[in-house]
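Topology and contacts: notes
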Amino acid sequence: MKFDTPATTNPIDQLKIVGKPIDRIDGPLKTTGQAPYAYEQNQEVSGVAYGYVVGSTIAKGRIISIDTEAARAASGVISIVTAETAGPLGLGSMNTAKLLGGPEIDHYHQAIAVVVAETFEQARAAAQKVKVRYAKAVGKFDLVAERANAKLTNEGRGERLTGDFRTAYAAAPHQLDEVYRTPDQAHAMMEPHASMAKWEGDKLTLWTANQMIDWGRGDVAKTLGIPKASVRLISPYIGGGFGGKLFVRSDAVLAALGARAAKRPVKIALPRAFIFNNTTHRPATIQRIRIGCTPDGKITAIGHETWSGNLPGGKPENATQQTQFMYAGPNRMTATRLAVLDLPEGNAMRAPGEAPGLMALEIAMDEMAEKLGIDPVEFRIINDVQVDPNAPERPYSQRQLIKCLRDGAAHFGWSKRSAVPGKSRDGRWLVGMGVGAGYRGNPVAKSAARVRLDAAGKVTVETDMTDIGTGSYTIIAQTAAEMMGVPIDKVIVRLGDSDFPVSAGSGGQWGANSSTSGVYAACVKLREAVCKAVGFDASKAQFADGRVAVGKKSLSLGEAVGPKGLVAEDAIEFGDLSKKYLQSTFAAHFVEVGVDAATAEIRVRRMLAVCAAGRIINPKSARSQVIGAMTMGVGGAIMEELAVDTRHGFFVNHDLAGYEVPVHGDIPHQDVIFLDEEDPISSPMKARGIGELGLCGVSAAIANAIYNATGVRVRDYPLTLDKLITHLPSFA
Amino acid sequence: MSNPANISTSRRDVLRAGGAVAAVSGMASRAAAQPTEISLPVTSQVHLQVNGKPQTLELDLRTTLLDALREHLHLTGTKKGCDHGQCGACTVLVEGRRINSCLSLAVMHEGEAITTIEGLGTPDNLHPMQAAFIKHDGYQCGYCTPGQICSAVAVLDEIKAGLPSHVTTDLTATPELSAVEMRERMSGNICRCGAYSNIIEAMSEVGGLTA
């Protein structure tokens, strides 16, 4: 099904099941420990051996020799694979660094060997006996030092100019020119990267924690040098991804290589302390923002430049993405520059680009509002725009950022905020409120599904879509139930298997909207097939209560499809509506913090997000996506930072004790309000993305609240207490 | 080739040793010239009561309680998130008290009663905490969830039993069931999906706390 004109009325609009806060259908399995993740597919495989990965202990250089003799002789060892013995390996099209390094080493903890043994304990012990001699080379590990060597990239359009930024900025009566820094961040999803590999002849089956089944299938094949058709990927449950499982990683490739060498199934989970340097992370940024304004708060010039680093061939963190579109202003300049760094591979993490970009931009907006003496909510409203500011003939499909801000301010009690910082006190706490606007694109991608209706009236949906905690199982079931006119418990959803039709996968907050649209398309086809089978006019047929009816003629779905049932398969393919219309999602984040007047300890006291993201397919799971992202935003604001050792080139705090993420004690009750929207330009579901929006703007709202509480402006994330304490107001 | 003293040399060990010898035979020429040491794993028999069922396992002494459950009993509801006691995904109840099963060797639990997520309830017969997690959407990816639920059940018991926490203000009084107490006590269970707000609501419902 082509989607190239805005949606009109369709069966989803009935909203009998879609739009309802239905409990997740995978809940009973997940809450009882019955949902099997990649490492746990014991019912699928017997005689599995255990792989343990050996990582490089230098960041750059060469392996002179690997001595595996002692490891091979260790108890229980079955096989050891290194780059020398693995045979020729390709580089996945989504990978920057090789997943099995050697002799060249590209980054610290790059995998260089896998030891396969009878038990986990034996594999781990033997892995310690692999002796490696290195020739260390000089690497570049310091973004600040390499900033001057960074080059403009084509990613994020390199340098983008609209109007005459330089002249307009110079002429602006009010100016802001500040530099902000965001650190390297880790996905730190709870399930380690894990894979289990089984060969049958030259066919490989890989149970693996992966967000994008078809990308993964392609890259496993490319890396191993075998046909894509010889690879099957299965990933029914994934313990979080946040972008960290978009790509094939070393666990998958080494499980496959280890299983080939051992001649039996092998499973590997990356040890937690290995994940931070072995896999990908969100790269650190340095961002310079300049805003020029008229005295009444109209932006006349806005400039945003960003610097980040990556391995050769890697991509930049495109932190200027939102600034190209978010606020009005005739004169605009954005520039994305990339330096070469020999740190582990930087890549997408939840809301890549916008998350760190808004961490900077939304502090800058707060600072500019204060300079102007305008309330920061009003300042954003003054600079709202309903069209692409670079191409005014291109409207937004829908943009209610002003309503998000106004509704949020009213709900949160924003009017009680003191415009002068450091004035509100609650016992030992300095109290402040902050606002940050959220903006994230609404990408869509082709997505296919197969839908089967059987004689019992049950509907089975199959698609290689993944559920990484996002609620895909549930919203796909809701979509099929609404379309076929059956209760949700008559729908079976099977996901995450490359034998199923190729979906959009889970990434870039396109998954929910795209994959349910694919299921919609397949259901439209199935409805037509049902009508054809019983001689009904499909354009007049009603599917409801498990029956198909035209006028007074009515049949149960089971009767209609007969004993053999019916199957339909289709994909949604998106036309150029995203070119004609700017499609985005919007949020307003409001936060109240307390900062201990003596110790500068920061506590988040209240959080509210108001989101505009088209139709909300399931308000319960969508709300969870948003509060989860708000929680990650608390981490980004006040605790998360991969500490770089710039001498040896690695992330020092590579475990969950050193890399601090929010815990229960850090998070208050959170509120979320969804604006009642439907967006017919986005998809037949009339939904937009929500999974990343909740992270966009929230960290800056916290930073702004800390400023409002203390009067201390910190532009270097995370805002830890050491950056505040020496600047706090003195107290008696 | 030396054969270290095993605590017990079971038939399984002999088989394992045979496997190890076969595994190195591929490099026989070098191995023959230079004898290498193969140390057999030291194993011990362990008796556990898991979810009310007696289990006897012959385990490598290095095997954690977590891996005994997951890899030997195939009770994979208990999760390995970090293997270092930093995330709480492996939380189980041992003799009614919650512990990080990754930080504990299986052989340390001879004769003890272990309750895992599978022992709390099943999809058709949910424990009230499991049902409340579903109702309040106290999970997303599901990976930390069994540990959260085991912890949550234990936390309510700990408060009821009068055990104080870091945030208990009056150590002589019975701690009250409050969101602050629950958040503090649950802070060893990380949820990167960020379901904390919902988890506290689920626990509040089960604990009978009205907001």
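Residues numbered from 1 in each chain as written. Chains lettered and ligands numbered in written order. Predicted model: local features only at pLDDT ≥ 70, side-chain atom pairs only at ≥ 80, totals over all residues. Heavy atoms only, no water.

Section: the overall build of chain A
For chain A, the count of helices and strands is 17 helices and 33 strands. In summary, chain A has a C-alpha radius of gyration of 27 Å against a globular reference of 27 Å for 732 residues, a match within 12%. With the principal axes as the frame, chain A shows a C-alpha extent of 80 × 75 × 50 Å. Sequence separation of at least 24 residues holds for 81% of the intrachain contacts in chain A that already meet a minimum separation of 6. Within the structure as shown, chain A displays about 23900 Å² of accessible surface, and the carbon and sulfur contribution to it stands at 52%. Chain A carries 82 positive and 77 negative side-chain charges, and their two centres are separated by 2 Å. (Helix = DSSP H or I, 4+ residues; strand = E, 2+ residues; numbered from the N terminus. Rg over C-alpha atoms; globule rule 2.2 N^0.38 Å. Contact = heavy atoms within 4.5 Å. Areas by Shrake-Rupley, 256 points an atom, 1.4 Å probe, with all protein chains shown as cover. Lys, Arg positive; Asp, Glu negative; His and termini not counted. Charge placed at Lys NZ, Arg CZ, Asp CG, Glu CD.)

Notes on the interface of chain A and chain B
With 68 residues of chain A at the contact, the number on the chain B side is 65 residues. Taking both sides of the interface into account, the surface hidden between chain A and chain B amounts to around 5400 Å²; carbon and sulfur atoms contribute 55%. Of all residues in chain A, the largest losses of buried area upon contact with chain B belong to T31(A), M190(A) and H664(A), amounting jointly to 16% of the total for that side. At the junction of chain A and chain B, the tally comes to five salt bridges. The interface formed by chain A and chain B contains 30 residue pairs in polar contact (both at pLDDT 80 or more). When contributions to the side of chain A that touches chain B are tallied by element, the ones reaching two or more residues are α1 (27-31), α2 (69-73), β4 (77-82), α3 (120-127) and α16 (619-638) of chain A. With nine residues, α16(A) is the largest single contributor of residues to the side of chain A that touches chain B. Within the side of chain A that touches chain B, the residues separate by chemical class into 30 nonpolar, 23 polar and 15 charged. (Buried area = accessible area lost by both parts, 1.4 Å probe. Salt bridge = Lys/Arg side-chain N within 4 Å of Asp/Glu carboxyl O. Polar contact = N/O pair within 3.5 Å; in protein donor to acceptor, adjacent residues only side chain to side chain. Nonpolar A, V, L, I, M, F, W, Y, C, P; charged D, E, K, R; others polar.)

Regarding the packing of aromatic side chains
Taken as a whole and assessed by the stated rule, the structure comprises 15 aromatic pairs over all chains. Judged by centre distance (5.8 Å) and plane angle (35 degrees), the rings of F412(A) and F590(A) are tilted. Pair noted here: F412(A) is in helix α11 (residues 401-412) and F590(A) is in strand β29 (residues 584-596), with a separation of 178 residues, a long-range link. Both residues of the pair, F412(A) and F590(A), belong to the buried class. Here the guanidinium or amino end of R24(A) rests over the ring plane of Y139(B), the centre of that ring lying 5.4 Å away. (Phe/Tyr/Trp six-rings, centres within 6.5 Å; stacked < 30°, edge-to-face > 60°. Buried < 20%, exposed > 50% of the residue type's maximum accessible area, 1.4 Å probe, protein only. Lys NZ or Arg CZ within 6 Å of the ring centre and 35° of its normal.)

Considerations on unusual backbone geometry
Residues and elements named next belong to chain A. Omega for the bond connecting G102 with P103 falls within 30 degrees of zero, at -5 degrees, which places this linkage in the cis form. The topology assignment puts P103 in the loop between β4 and β5 (104-105). With an omega dihedral of -5 degrees, the bond running from Y717 to P718 counts as a cis peptide bond. One non-glycine residue, L15, adopts positive backbone phi at about 55 degrees. Tracing the chain through its elements places L15 in the loop between β1 (2-3) and α1. With a phi angle near 60 degrees, F242 is a residue other than glycine that sits in the positive phi range. In this structure, F242 sits in the loop between β13 (231-234) and α7 (250-262). Note on F242: relative accessible area 11%, which makes it buried.

Considerations on the nonpolar core
A general tendency of soluble globular proteins is for nonpolar side chains to be buried together. Core analysis: the largest hydrophobic core is formed by 190 residues, its most contacted members being I291(A), V595(A), I702(A) and M203(B). In terms of residue count, the dominant contributor to this core is helix α9 (residues 354-372) of chain A (eleven residues). Sequence-distant contacts of M203(B), defined by excluding residues within four places in its chain, comprise M129(B), A152(B), V155(B), L156(B), M182(B) and M186(B). (Core = buried A, V, L, I, M, F, W, Y, C linked by side-chain atoms within 4.5 Å.)

A short note on the domain arrangement of chain A
By a frequent convention, interface size equals the accessible area lost on bringing the separate parts together. Residues and elements named next belong to chain A. The domains assigned to chain A are domain 1 (2-35 + 444-576) and domain 2 (353-442 + 583-727). Between domain 1 and domain 2, the C-alpha centre-to-centre distance is 35 Å. Taken together, the contact pairs 32 residues of domain 1 with 27 residues of domain 2. Roughly 2200 Å² is buried in total at the junction of domain 1 and domain 2, and carbon and sulfur atoms are behind 54% of that figure. On the domain 1 side of the interface with domain 2, the three residues burying the most area are F3, Q509 and N513, jointly 29% of the side's total. The interface formed by domain 1 and domain 2 contains three salt bridges. Across the pair K686 and D13 runs a salt bridge whose closest N-O atoms are separated by 2.8 Å. Between the two partners, domain 1 and domain 2, sit 20 residue pairs in polar contact (both at pLDDT 80 or more). Secondary structure elements with two or more residues in the side of domain 1 that touches domain 2: α12 (472-484), α13 (511-534) and β28 (566-574). The biggest single contributor to the side of domain 1 that touches domain 2 is α13, with five residues. (Domains from an automatic or database assignment.)

Description of the packing of α16(A) against helix α8 (residues 196-207) of chain B
Look at α16(A) against α8(B): their axes get within 8 Å of each other, and the N-to-C directions meet at 115 degrees. Here α16(A) contributes R623(A), S624(A), I627(A) and T631(A) to the contact with α8(B), which in turn contributes Y196(B), S197(B), N198(B) and E201(B). Taken together, the residues that form the contact of α16(A) with α8(B) break down as two nonpolar, four polar and two charged. (Axes fitted to C-alpha atoms, helices over the stretch in contact; angles between N-to-C directions.)

Focus on the UniProt feature "domain: Aldehyde oxidase/xanthine dehydrogenase a/b hammerhead" (unreviewed entry) in chain A
Feature annotation in UniProt assigns "domain: Aldehyde oxidase/xanthine dehydrogenase a/b hammerhead" (unreviewed entry) to the following positions: residues 32-138 of chain A. Here residues 32-138 of chain A runs as 12% helix and 33% strand, with 51 Å between its end C-alpha atoms. (UniProt positions renumbered as here; feature names shortened; annotations may be inferred.)

Examining the packing of helix α5 (residues 128-135) of chain B against helix α6 (residues 145-160) of chain B
Residues and elements named next belong to chain B. α6 packs onto α5 with a crossing angle of 120 degrees between their chain directions and a minimal axis gap of 10 Å. Taken together, α5 and α6 sit at an angle that is classed as oblique. Classified by chirality, the crossing of α6 by α5 is right-handed. Only T145, Q148, I149, A152, V153 and L156 of α6 make contact with α5, whose side of the interface consists of M129, Q130 and F133. Its residues assigned to classes, the contact of α5 with α6 shows six nonpolar, three polar and no charged. (Parallel < 35°, antiparallel > 145°, perpendicular 65-115°, else oblique. Left-handed = near helix turned anticlockwise from the far one by under 90°.)

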